[in-house]
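# Chains, contacts and geometry: an overview
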Amino acid sequence: MVVKRLLRPDDRASQTRAGFTLIELLVVISIIAVLIALLLPAVQSAREAARRVQCVNNLKQLGLALHNYENGVGAFPPSGKSTYFGSSPPNNQYVDGVGLLPRLLPTLELTTTFNAINFSIEYNHISGGNFTAYSTAIAAFVCPSAVREPSGSRDSPDPADPASMQAGQGYGVTDYAATCATTIDPQGRAGGPCSTPIAIYRNCNARVDGMLKQGKTRISEVTDGLSQTIAVTEDAGRDARFIGAYSENYVTPVLSYTRPVPPGLRRFWRWAEPDGAVVSSSVINNKGTPSHENTQHPQSGTSGADGAGANDEIFGFHPGGVNALMGDGSVKFLKETVNIVVQRSLITPNQGEIISADAY
């Protein structure tokens, strides 16, 4: 005989399967969303800190290379871009023919790339004789925080350059630039000669050389002190959208000639190009617009955006400022709020300024 046991109401309740109510599920989702919102900035901050450390290491390598060069030659090298003081106002010139970074390749243990360069012809000679060397992507020349189009260590293929188009790739780029001069007004006054709504502190009549000027610079010439003088700084994120102010044929205000190179304006974002050096005339990380155009280089005419963003100015993608290599090989973080006169003083090597460490 089968005996059936009647279940009491509390027995049936105990056999009911437990589960989430809709309200409980929404609460859990909300908690997870809050945790992600709290954690994500911390992760991004940690990643940026790592990128900033890598940027510092890149500049330290350049600093070591500069001093190894100086030990071998007896002076620091020129940056390629410099000042022609024979015109009124003084203007840019490119009498050295090549930028700073190609000169440093042997001291950066990049002898193979250096040996592939023919220094008797332009880096972008129309024959393509230097394309293999100067299309080399060099990680130490690129800040990992920088944003450009396309991303990476090369620019896009240049439609005006047969060698670039045939290879299907561009030239090597850089996020670092020598400070070859400054046009910041020595009194920090706005509205001076050549100033613009973007570069309000520019005074082209007050232009003076930076540390890596035309010709060699001996340590004894940096009378303000190597630790108080910028040698190389960030000018990060430049690419073919940035339209330069000088044609490929421009040499000085009184001299130009037809160079056997692709037509257009100077491609100053490439690590080989002399025009890559900075003539600082604006605040660090200037947010003025337009920082670049919407179409690709080359174009006729000039953009008028010189001084905005990374267009020939001290500019980086690190929150609050940029990394700068000083003449003694140390790397310092320059706040974007630094006083404009202090910025000028950090660029000039021999104007007799005394700068407190807490000023920047």
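Residues numbered from 1 in each chain as written. Predicted model: local features only at pLDDT ≥ 70, side-chain atom pairs only at ≥ 80, totals over all residues. Heavy atoms only, no water.

### Re the overall build of the chain
Of the regular secondary structure elements, the chain holds seven helices and ten strands. Taken along the three principal axes of its C-alpha coordinates, the chain extends 120 × 50 × 40 Å. Scored against the burial criterion, the 360 residues of the chain give a buried share of 49%. When contacts within the chain are restricted to residue pairs at least 6 apart in sequence, those whose partners lie at least 24 apart make up 70%. Approximately 16700 Å² of the chain is accessible, and the part contributed by carbon and sulfur atoms is 57%. Once the 29 positive and 31 negative side-chain charges of the chain are each reduced to a mean point, those two points are 8 Å apart. (Helix = DSSP H or I, 4+ residues; strand = E, 2+ residues; numbered from the N terminus. Buried < 20%, exposed > 50% of the residue type's maximum accessible area, 1.4 Å probe, protein only. Contact = heavy atoms within 4.5 Å. Areas by Shrake-Rupley, 256 points an atom, 1.4 Å probe, with all protein chains shown as cover. Lys, Arg positive; Asp, Glu negative; His and termini not counted. Charge placed at Lys NZ, Arg CZ, Asp CG, Glu CD.)

### Some remarks on a nonpolar patch on the surface
Side chains of I23, V27, I31, V34, L35 and L38 sit close together on the surface and give an oily, nonpolar patch of about 600 Å² of accessible area. With respect to the helices and strands, the residue L35 is situated in helix α2 (residues 22-73). (Patch = residues over 30% accessible without salt bridge, like charges linked within 9 Å, V, L, I, M, F, W, Y side chains within 5 Å. Salt bridge = Lys/Arg side-chain N within 4 Å of Asp/Glu carboxyl O.)

### Overview of the packing of aromatic side chains
Applying the stated criterion across every chain, the model contains eleven aromatic pairs. Centroid distance F114 to F119: 5.3 Å. Interplanar angle 50°. Geometry classified as tilted. F119 gets classed as partly exposed once you look at its relative accessible area, which sits at 41%. Seen from their ring centres, F131 and Y171 are 5.0 Å apart, and the 90° between their planes marks the pair as edge-to-face. Here Y171 lies in the loop between α6 (162-167) and β3 (176-182) and F131 lies in helix α5 (residues 131-134), a separation of 40 residues in the sequence. Chaining the aromatic ring pairs together yields one cluster made of Y123, F131, Y134, F141, Y171 and W271. When the ring centre of F333 is taken as origin, the NZ or CZ atom of R52, which lies over that ring, is 3.8 Å away. Sitting over the ring of Y94, R266 keeps its end group 4.1 Å from the ring centre. (Phe/Tyr/Trp six-rings, centres within 6.5 Å; stacked < 30°, edge-to-face > 60°. Lys NZ or Arg CZ within 6 Å of the ring centre and 35° of its normal.)

### What to know about the environment of R238
By the element assignment, R238 lies in the loop between β5 (230-234) and β6 (250-252). R238 sits in the buried class, given a relative accessible area of 0%. When sequence neighbours within four positions are dropped, the list of residues in contact with R238 reads R148, T174, Y176, A177, F268, W269, G276 and A310. A distance of 3.2 Å separates a polar atom in the side chain of R238 from the backbone oxygen of G276. (Polar contact = N/O pair within 3.5 Å; in protein donor to acceptor, adjacent residues only side chain to side chain.)

### Here we look at the nonpolar core
Counting 43 residues, the largest nonpolar core has L62, L66, F141 and V232 as the members making the most contacts within it. Counting residues per element, the ones that place at least two in this core are α2, α3 (100-104), α5, β3 and β5. Ranked by the residues each element gives to this core, the list is headed by α2, at seven residues. Look past the residues within four positions of L62 in its chain and what remains in contact with it is L101, L104, L108, F141, Y176, V232 and L325. In this structure, I284, V322, M326 and V342 belong to the second largest nonpolar core, which totals 15 residues. (Core = buried A, V, L, I, M, F, W, Y, C linked by side-chain atoms within 4.5 Å.)

### Things to note about the pairing of strand β10 (residues 331-335)
Side-chain positions along a regular strand alternate between the two faces of the sheet. Pairing of strand β9 (residues 321-326) with β10, which is carried by five bridges, proceeds in the antiparallel orientation. Of the residues in β10, the one forming a bridge with L325 is V331. Connecting the antiparallel pair β9 and β10 is a turn made up of four residues, with G329 showing a positive phi of about 95°. (Pairing = 2+ DSSP bridges.)

### Concerning the pattern of salt bridges
When charged atoms on two side chains of opposite charge get close, those side chains can pair. Scanning the entire structure with this criterion turns up 17 salt bridges. The shortest N-O distance in the salt bridge between R259 and E122 comes to 3.8 Å. Taken together, the residues R259 in the loop between β7 (255-256) and β8 (278-280) and E122 in the loop between α4 (111-115) and α5 connect sequence positions 137 residues apart. In this structure E122 comes out as buried when scored by relative accessible area, which is 15%. Two residues, E248 and R259, come together in a salt bridge whose shortest N-O distance is 2.7 Å. Of this pair, E248 sits in the loop between β5 and β6 while R259 sits in the loop between β7 and β8, placing them eleven residues apart in sequence. Here E248 and R259 have matching classes, each one buried. Through salt bridges with shared partners, a single network forms among E122, D155, D158, E248, R259, R267 and R270.

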